[in-house]
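Next come the chains, spelled out residue by residue.
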Amino acid sequence: MSQISGTATPARRLAPIDWLFVALGGFTHLYGVTLSLLFLLRAGGQSVVLDGMVDALQEPYLGGLGIYVVLKELRKRTSRIKSRHLGEYFVAAWLGLLALATALVFFSPDYHFDAIYRIIITNSLATGLIYLGGVIAK
């Protein structure tokens with residue numbers, strides 16, 4: 001309960017759009033972690049099913065990321081409550097993964113330019129460009 005003008009008000013309930021926002025956030029983070037682990041553990045190419053799922057979910061990931069960003073911007077403009085979701089950390093994580101993966105591919109004989117690395121490049125650059133577009137549009 002919070003105090004507004006001396007009266008107690010119940011905590012805000014999540015609207016359907018809030019649930020979509022949470023679901024998309026969870027999906028994008030889970031996808032990023034899965035892709036990171038596949039690359040760092042050199043597990044890409046060992047499971048046709050897992051590799052196929054990561055590849056098949058790449059476009060829904062990018063679409064979900066775009067919708068997530070649009071919803072976040074809408075929430076910023078329609079809500080007086082400051083967002084607790086800091087996209088800068090998400091973008092930094094993707095760009096950090098890209099830098100680490102690139103260094104490993106170029107300097108370690110254990111890592112190669114494979115399908116998982118290609119997806120990391122695509123998703124990292126797309127995430128960075130989407131963020132840059134949001135910054136420029138402000």
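See the structure above.
Residues numbered from 1 in each chain as written. Predicted model: local features only at pLDDT ≥ 70, side-chain atom pairs only at ≥ 80, totals over all residues. Heavy atoms only, no water.

Student: Got a minute to help me understand the packing of helix α1 (residues 16-40) against helix α3 (residues 58-78) in this structure?
Tutor: When two helices pack together, their arrangement is given by the angle between the helix axes and by the axis-to-axis distance. Axis separation between α1 and α3 bottoms out at 9 Å; the angle between their running directions is 135°. Judged by the angle between their axes, α1 and α3 are oblique. In this structure, the crossing between α1 and α3 has a hand that is left-handed. Residue-level inspection shows Ile 17, Asp 18, Leu 20, Phe 21, Leu 24, Gly 25, Phe 27, Thr 28 and Tyr 31 of α1 in contact with α3, the latter providing Gln 58, Pro 60, Tyr 61, Gly 64, Leu 65, Ile 67, Tyr 68, Leu 71, Lys 72 and Arg 75. Of the residues belonging to the contact of α1 with α3, the class tally is 12 nonpolar, 4 polar and 3 charged. (Axes fitted to C-alpha atoms, helices over the stretch in contact; angles between N-to-C directions. Helix = DSSP H or I, 4+ residues; strand = E, 2+ residues; numbered from the N terminus. Parallel < 35°, antiparallel > 145°, perpendicular 65-115°, else oblique. Left-handed = near helix turned anticlockwise from the far one by under 90°. Contact = heavy atoms within 4.5 Å. Nonpolar A, V, L, I, M, F, W, Y, C, P; charged D, E, K, R; others polar.)

Student: Explain the packing of aromatic side chains to me, please; I cannot follow it from the model alone.
Tutor: Any pair of aromatic rings gets described here by the distance separating the centres and the angle formed by the planes. Counted by the stated rule, this structure contains 6 aromatic pairs. Centroid distance Tyr 61 to Trp 94: 5.6 Å. Interplanar angle 50°. Geometry classified as tilted. Of this pair, Tyr 61 sits in helix α3 while Trp 94 sits in helix α4 (residues 87-107); the two residues are 33 residues apart in sequence, bridging distant segments of the chain. Here the aromatic rings of Phe 113 and Tyr 117 are separated by 5.0 Å at their centres, their planes lie at 80°, and the arrangement is edge-to-face. Pairwise contacts between aromatic rings join Phe 27, Tyr 31, Tyr 61 and Trp 94 into one cluster. Sitting over the ring of Tyr 111, Arg 42 keeps its end group 5.5 Å from the ring centre. (Phe/Tyr/Trp six-rings, centres within 6.5 Å; stacked < 30°, edge-to-face > 60°. Lys NZ or Arg CZ within 6 Å of the ring centre and 35° of its normal.)

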